[in-house]
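# Architecture and fold: a report
Each chain, written out:
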Amino acid sequence: MKTFTEKARQVANPYWQGSFEHLFVRQLAEGTLAPTVFRYYLLQDRYYLEHFGRIYQLIAEKTTDAAVREQMLVNSQGMAAGELAIRQEFFAELEITPEEIATTPIAPTAYHYVSHMYRQLAEGTVATACAGVLPCPWLYQEIGDRLIASGSPNPLYQRWIATYAGEEGQQEVMRQRQLLDRLYEEVAADEQEQMLAAFYISSQLEYQFWEMALTLETWPAGAIGGMINGINRREIGI
């Protein structure tokens, strides 16, 4: 019988393959990715990662499972010490200012992805929330391992790749996979389907995140994204 992560990876495979082969990822490895595209990716990723860390903490607060709580807190602390710290270095190097962050509207895909993960907490369960956050670290770890051997001639892009490659990342992802496999076995059939759906949607949105950056995605005129740019985002929590 297949485990949750085996099933989830199989049903979401078209989007994972799409991510591996996406022009953003290929150009990142080739060193030809436009600086404006990478800059836009970083700005949107900052929003995503900030909320991703909060979601880890909220899952830890909600769960009664000690192993889940410990893993989510480890994830949150690891993100603060790793990804977010490296992003701060990138921002300093590229001279991305607080003003630029404040005046860059959140793109539809970034907004949708974060909303999807919060929805798993609000309307789903701890298990579905955990399923929804797994594709990000797992997919990035696989991308890092695929690209690290050849690397990128662009030092900045090479540092991005190195963030996700290596044995430590592989082991961390395996621990999270094993946790999800155990949760899947402990819940009823309908919740199992919800876990698969949460993972699948997150995998779709991972693919769309590359596309969002490559196209410098914006909201249609008059949509919420345009309004957000003129509102103090601290007041509305985004």
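Residues numbered from 1 in each chain as written. Predicted model: local features only at pLDDT ≥ 70, side-chain atom pairs only at ≥ 80, totals over all residues. Heavy atoms only, no water.

### A look at the overall build of the chain
Looking only at helices and strands, one finds 15 helices and 0 strands in the chain. At 18 Å, the chain has a C-alpha radius of gyration in line with the 18 Å of a compact globule built from 238 residues. If one aligns the C-alpha atoms of the chain with their principal axes, the spans along those axes are about 45 × 45 × 30 Å. Across the 238 residues that make up the chain, the buried fraction comes to 50%. Contacts in the chain between residues far apart in sequence, at least 24 positions, make up 82% of those at least 6 positions apart. Accessible surface, the chain: about 11,200 Å² in total, of which carbon and sulfur atoms supply 54%. Mean positive and mean negative side-chain charge positions of the chain (18 and 30 charges, respectively) differ by 1 Å. (Helix = DSSP H or I, 4+ residues; strand = E, 2+ residues; numbered from the N terminus. Rg over C-alpha atoms; globule rule 2.2 N^0.38 Å. Buried < 20%, exposed > 50% of the residue type's maximum accessible area, 1.4 Å probe, protein only. Contact = heavy atoms within 4.5 Å. Areas by Shrake-Rupley, 256 points an atom, 1.4 Å probe, with all protein chains shown as cover. Lys, Arg positive; Asp, Glu negative; His and termini not counted. Charge placed at Lys NZ, Arg CZ, Asp CG, Glu CD.)

### Let's talk about the packing of aromatic side chains
Summed over the entire model, instances satisfying the criterion amount to 26 aromatic pairs. Summarising the aromatic geometry, the rings of Tyr140 and Tyr164 are spaced 4.9 Å apart at their centres and angled 75° between planes, so their arrangement reads as edge-to-face. Of the two residues, Tyr140 is situated in helix α10 (residues 135-148) and Tyr164 in helix α11 (residues 155-164); the sequence distance between them amounts to 24 residues. Residue class for Tyr140 comes out buried when judged on its relative accessible area of 4%. Owing to a relative accessible area of 8%, Tyr164 belongs among the buried residues under this scheme. (Phe/Tyr/Trp six-rings, centres within 6.5 Å; stacked < 30°, edge-to-face > 60°.)

### Re helix α1 (residues 4-11)
Among the residues making up α1, those that are buried are Phe4, Thr5, Ala8 and Arg9. An end-on view of α1 places all buried positions within 120° of arc, on one side of the element. (Arc of directions from axis to C-beta.)

### Side note on the packing of helix α4 (residues 35-62) against α11
Viewed as axis vectors pointing N to C, α4 and α11 meet at an angle of 35°, and their least axial separation amounts to 12 Å. Judged by the twist between their axes, the crossing of α4 over α11 is left-handed. Where α4 abuts α11, its residues Pro35, Phe38 and Tyr41 lie against Leu156, Tyr157 and Trp160. Looking at the contact of α4 with α11 residue by residue, the class counts come to 6 nonpolar, no polar and no charged. (Axes fitted to C-alpha atoms, helices over the stretch in contact; angles between N-to-C directions. Left-handed = near helix turned anticlockwise from the far one by under 90°. Nonpolar A, V, L, I, M, F, W, Y, C, P; charged D, E, K, R; others polar.)

Any functional reading would require information beyond the geometric quantities listed.
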